[in-house]
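For reference, the chains in residue letters:
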Amino acid sequence: MTTTLRPAEPEQRWRGGVRARRFHVCVNGRPVGETTVCTDARFGPEVGRIAALRIDHDQQRRGRGTVAALAAEEVLRGWGCRRIEVSVRTEDAAALRLAGVLGYVVRNRSMLKELPGVPPVLPEGSVVRPMTEAEYPGWVARKRDEYVDAWTGRGVPEAQARAKADADDRAALPDGLATPGATLRVLEADGEAVGDLWVGRSDEDTGFVFNVRVAEGRRGRGHGRTLMLAAERECLAAGLSRLGLNVFAGNEAAEGLYASLGYGVTRVHLAKPLV
């Protein structure tokens, strides 16, 4: 039997080279599922995504998903994409296995925690205060450089990483320190600044840790945990019941900290080059 993709709707196009199309997955011309492919608005038209892939239950475990994923990659190659990304729910073990078989590599993970009803207590001697206008420019420049380094270290071209950093800041911090919903804090321990935190809102009841950093020379002393507890306090004060974050693959120390605080992985984000 032959598994193919058949367009289910016209191709959609938007500004900046963003395009998407939904396909039926067909076996001998009969639909047995569907998939959607698109280019990635964050990285530009050279990066594609398999945004969705579904195979009917009675057609699973017959290789339909594998063939459909490979066909979706060919569509993206035809669009000029040089890299492809997928995001998989943690509980979807079959999709994670398929991604591994097809050569996708884990790049980062989304984590989430249901917040307790009572704000956590910060360690004695720790003070969390608002970031000042004088501190903000240096913080932005440092955060941006670290963010770009994190992406380029995982195979993303520098131009794409910088474009994403700029776009993310424009979207999340359009008014700097005055941006509604953006909370930027500095952690002081015994009167000295030892780290900083940026937390905001991702949806109606969920906060998101956009950035957390402990100063070099002050790491390994529990300040990262204190900053995360401070993030929980800020979210609870804003009426939020959950807190999410992103952690890059290979950052075992951060993953261990988040897990110890009760965060669980909700989605795995994978990528591979299209050659």
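Located above this text is the structure these notes cover.
As the structure is a computational prediction, the values presented were derived from the model and not from experiment.

Relative to the helices and strands, V88 resides in strand β6 (residues 83-89). Residues V88 and L76, 12 residues apart in the sequence, show an inter-C-alpha distance of 19 Å. Ignoring anything within four residues of it in the chain, the contact list for V88 reads A95, L96, T266, R267, V268 and L270.

In this section: the side chain of Q160. Mapped onto the secondary structure, Q160 falls in helix α4 (residues 158-172). Beyond its immediate stretch of four places on either side in the chain, Q160 contacts F43, E46, V47 and R83.

Moving on: helix α6 (residues 252-260). Those residues of α6 that sit buried are A254, L257 and Y258. Seen from one end, α6 has its buried residues packed into an arc of 95°, which puts them on one side. Elements that come into contact with the buried residues of α6 comprise β7 (105-114), β11 (206-214), α5 (223-237) and β12 (242-248). Looking one or two residues past α6, G262 carries a phi angle of roughly 100°, positive in sign.

Moving on, we come to the pairing of β11. Here strand β10 (residues 192-203) pairs with β11 via eight bridges, running antiparallel. What sits directly across from G200, in β11, is F208. In terms of strand pairing, β11 meets β12 through four bridges, oriented parallel. Across the sheet, the residue bridging to F208 is G244, located in β12.

All right, on to a negative patch on the surface then. Where like charges cluster on the molecular surface, the negative patch consists of D145, E146, D149 and E216. Since its relative accessible area comes to 38%, D145 is described here as partly exposed.

For the coordinates displayed, the defined rule picks out zero disulfides. Unpaired in terms of disulfides, C81 finds its nearest cysteine sulfur in C38, a separation of 8.9 Å. Note on C81: relative accessible area 5%, which makes it buried.

In total, this model carries eight aromatic pairs according to the counting rule given. Summarising the aromatic geometry, the rings of Y147 and W151 are spaced 6.1 Å apart at their centres and angled 85° between planes, so their arrangement reads as edge-to-face. You can see Y147 and its partner W151 sitting in helix α3 (residues 136-152), four residues apart, about one turn around the helix. Here W151 falls in the buried class, since its relative accessible area comes to 4%. Look at F208 and F210: their rings are 5.0 Å apart centre to centre, the planes differ by 65°, and that puts the pair in the edge-to-face class. A residue is classified by how much of its surface remains accessible, and F210, at 37% relative accessible area, is partly exposed. Among the aromatic side chains, those forming a connected cluster through ring pairs are Y136, W139, W198, F208 and F210.

Rules used in this analysis
- Per-chain numbering applies: the sequence of each chain, read as written, is numbered from 1 onward.
- Totals for whole chains, interfaces and linings use all residues, but because this is a predicted model, local features are given only for residues with pLDDT of at least 70 and pairs of side-chain atoms are given and counted only at 80 or more.
- Each side-chain value is derived from all of the structure's non-hydrogen atoms; neither hydrogens nor water enter the calculation.
- Helix and strand definitions here come from DSSP, where helices need a minimum of 4 consecutive H or I residues and strands a minimum of 2 consecutive E residues; each element is numbered from the N-terminal end.
- Any two residues whose heavy atoms approach within 4.5 Å are treated as being in contact.
- The classification of residues rests on relative accessible area computed with a 1.4 Å probe and restricted to protein chains. Under 20% of the type maximum is buried, over 50% is exposed, and intermediate values are partly exposed.
- In this description, one arc is meant: the one made by directions from the helix axis to the C-beta atoms.
- Strand pairing requires that DSSP identify at least two bridges connecting the strands.
- A residue counts toward a patch only above 30% relative accessible area and without a salt bridge, and it is joined to like-charged neighbours within 9 Å or, for Val, Leu, Ile, Met, Phe, Trp and Tyr, to nonpolar neighbours within 5 Å.
- Here, Shrake-Rupley sampling with a 1.4 Å probe gives the accessible areas, and only protein chains in the shown set may cover a residue.
- Should a side-chain nitrogen of Lys or Arg be within 4 Å of a carboxyl oxygen of Asp or Glu, the pair is scored as a salt bridge.
- All tallies of charge rest on Lys and Arg as positive and Asp and Glu as negative; His and the ends of each chain are not included.
- For this purpose, a charge sits on NZ of Lys, CZ of Arg, CG of Asp or CD of Glu.
- Only a pair of cysteine sulfur atoms within 2.5 Å qualifies as a disulfide here.
- Each aromatic pair joins two rings of Phe, Tyr and Trp (for Trp, the six-membered one) with centres within 6.5 Å, and gets the label stacked for planes under 30 degrees apart, edge-to-face for over 60, and tilted for any other angle.

In short, shape yes, function no, at least from these values alone.
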